[in-house]
Amino acid sequence: MKLTYVTALLLASLLSGTVGLAQPKPTPRQLNWQQLETTAFLHFTVNTFTDKEWGDGTESPAIFNPTQLDARQWVRALRDAGFKMAIITAKHHDGFCLWPTKLTDHSVKSSPWKGGKGDVVREVADACREFGLKFGVYLSPWDRHEPRYGTAAYNDYYKAQLRELLTNYGEVSEVWFDGAKGENAKDMTYDFDGYWALVRELQPNAVMFSDAGPDVRWVGNEAGNAGETCWSMINTDGMAPGVADSKYLNTGDPAGKRWIPAETDVSIRPGWFYHPAEDSKVRSGANLVNLYYQSVGRNSLLLLNVPPNRDGLLSDSDVASLKAFRTILNETFRTNLVAKNPKLNDRKLNTFVALPASQSLTVDLTGEPLFDRISIQENIASGQRVSGGRVEYWDGRAWQPLQSFTTVGHKRLLRFPAVRSSRLRFSFTSLGGPVELAEVGVYKASASEAEISQK
């Protein structure tokens, strides 16, 4: 018998005695974070003006002068596109700080922008509060400008910068610790335990991202693809802080001892920072919808980067794609074709149907509609249990196979050629304990989405 990847993982878990034991569960902060579904990066710094992706730390603050900067335009566009949080690159690898830090002159206070009196971080934080988005900060551990980098003193410097960001800008909902570092970078041992302790002290409701946690892990690529199988659990035992076995980043590990869900980061452009040559290479709204299925629809969260341009604005082409993205999703998911059910389509994860692994569930639809999309959600507050499943539809005479799948987690989205039916039957295999099926949605894709999904 040929073992599938998931079957092999489950067999290994059974042999190790982990399946059937208490499974990891999300903290309240992780649970709130996962339900945001779509969040945004704002990559902006001196690189925007040098046309580079990674600065080398020698850039003069004099080049930073976005004369039309409007953080309200950024955040309003994100809000209108349905994004729930904006994360600003407060400091990238070049070490230039977008806030007037007291710890270095390599910051906006030494730039001509607003006569050295500006603060990009504050403008984004204020705009997020105005438009109802959560606010996050990216603070690169790698710093190519700071002379103390490579010494123990740098950890104190970094924590002092982190303290400024976590105490002067209101509530921070996510802190991003980028693990990237160039091949020729100085050796540096980061005090991640100290960094994380500071976040817990000053912003206890914030989730923290690094390659492998402590709250959120990297999905393992920057192409916008979570694994078809994607567990929220992973192991970090015996590894340095923020490190896990890289082969599990994309898929997670059903035997994982820690709940660290995947975040799928990807850019709307080929690069992470704005480059004029990429103005014709912006992802279309339809392309962004596909990313949504490959991230949110596979138990991850979509973190889409939309970089401001040299004027300090989101470019018209980027904003147009964001609008098209939201329009398509709204059209597709506007009407749930499942007949009214107080536990399965009330948009609440804490109301659910508990299913033993051997029991199937039949769901009635409203009339006999045509549909080509299905959404399934678990009550992940109790953990992630679905290891596999299948959907069948009633053709009037017998049950016919529609689609099979592996993990569900917070959300699994299924796409398939349109069928017409009055009933669906769901069957699941479970990692341990009954499946807590919280939500089921059945939809007909908008004409534009149905067309692109067949290409």
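As shown above, the structure is provided for reference.
Let me begin by describing the structure that accompanies this report. Keep in mind the model is a prediction, meaning the values are calculated, not measured.

Here is what the cut-offs are and how they apply
Residues numbered from 1 in each chain as written. Predicted model: local features only at pLDDT ≥ 70, side-chain atom pairs only at ≥ 80, totals over all residues. Heavy atoms only, no water. Helix = DSSP H or I, 4+ residues; strand = E, 2+ residues; numbered from the N terminus. Buried < 20%, exposed > 50% of the residue type's maximum accessible area, 1.4 Å probe, protein only. Axes fitted to C-alpha atoms, helices over the stretch in contact; angles between N-to-C directions. Parallel < 35°, antiparallel > 145°, perpendicular 65-115°, else oblique. Left-handed = near helix turned anticlockwise from the far one by under 90°. Contact = heavy atoms within 4.5 Å. Nonpolar A, V, L, I, M, F, W, Y, C, P; charged D, E, K, R; others polar.

Below, the discussion takes up unusual backbone geometry. Cis peptide bonds are those with omega within 30 degrees of zero, and the linkage from Gly213 to Pro214 qualifies with 25°. Following the sequence through the fold, Pro214 ends up in the loop between β5 (207–209) and β6 (217–218). For Glu37, which is not glycine, the phi torsion reads 70° and is therefore positive. Mapped onto the elements of the fold, Glu37 is located in the loop between α2 (28–34) and β1 (38–42). Here Glu37 falls in the buried class, since its relative accessible area comes to 13%. Despite not being glycine, Asp51 has its phi angle at roughly 65°, a positive value. On the secondary structure map, Asp51 appears in the loop between α3 (47–50) and α4 (71–80).

On to the packing of α4 against helix α5 (residues 120–131). Across the interface, α4 lies against α5 with an axial gap of 8 Å and an inter-helix angle of 40°. One finds that α4 runs oblique with respect to α5. In this structure, α4 meets α5 at a crossing whose hand is right-handed. In this structure, α4 uses Ala71, Arg72, Trp74, Val75, Arg76 and Arg79 to contact α5, whose residues at the interface are Val120, Glu123, Val124, Ala127, Cys128, Glu130 and Phe131. Classifying every residue of the contact of α4 with α5 by side-chain character gives 8 nonpolar, no polar and 5 charged.

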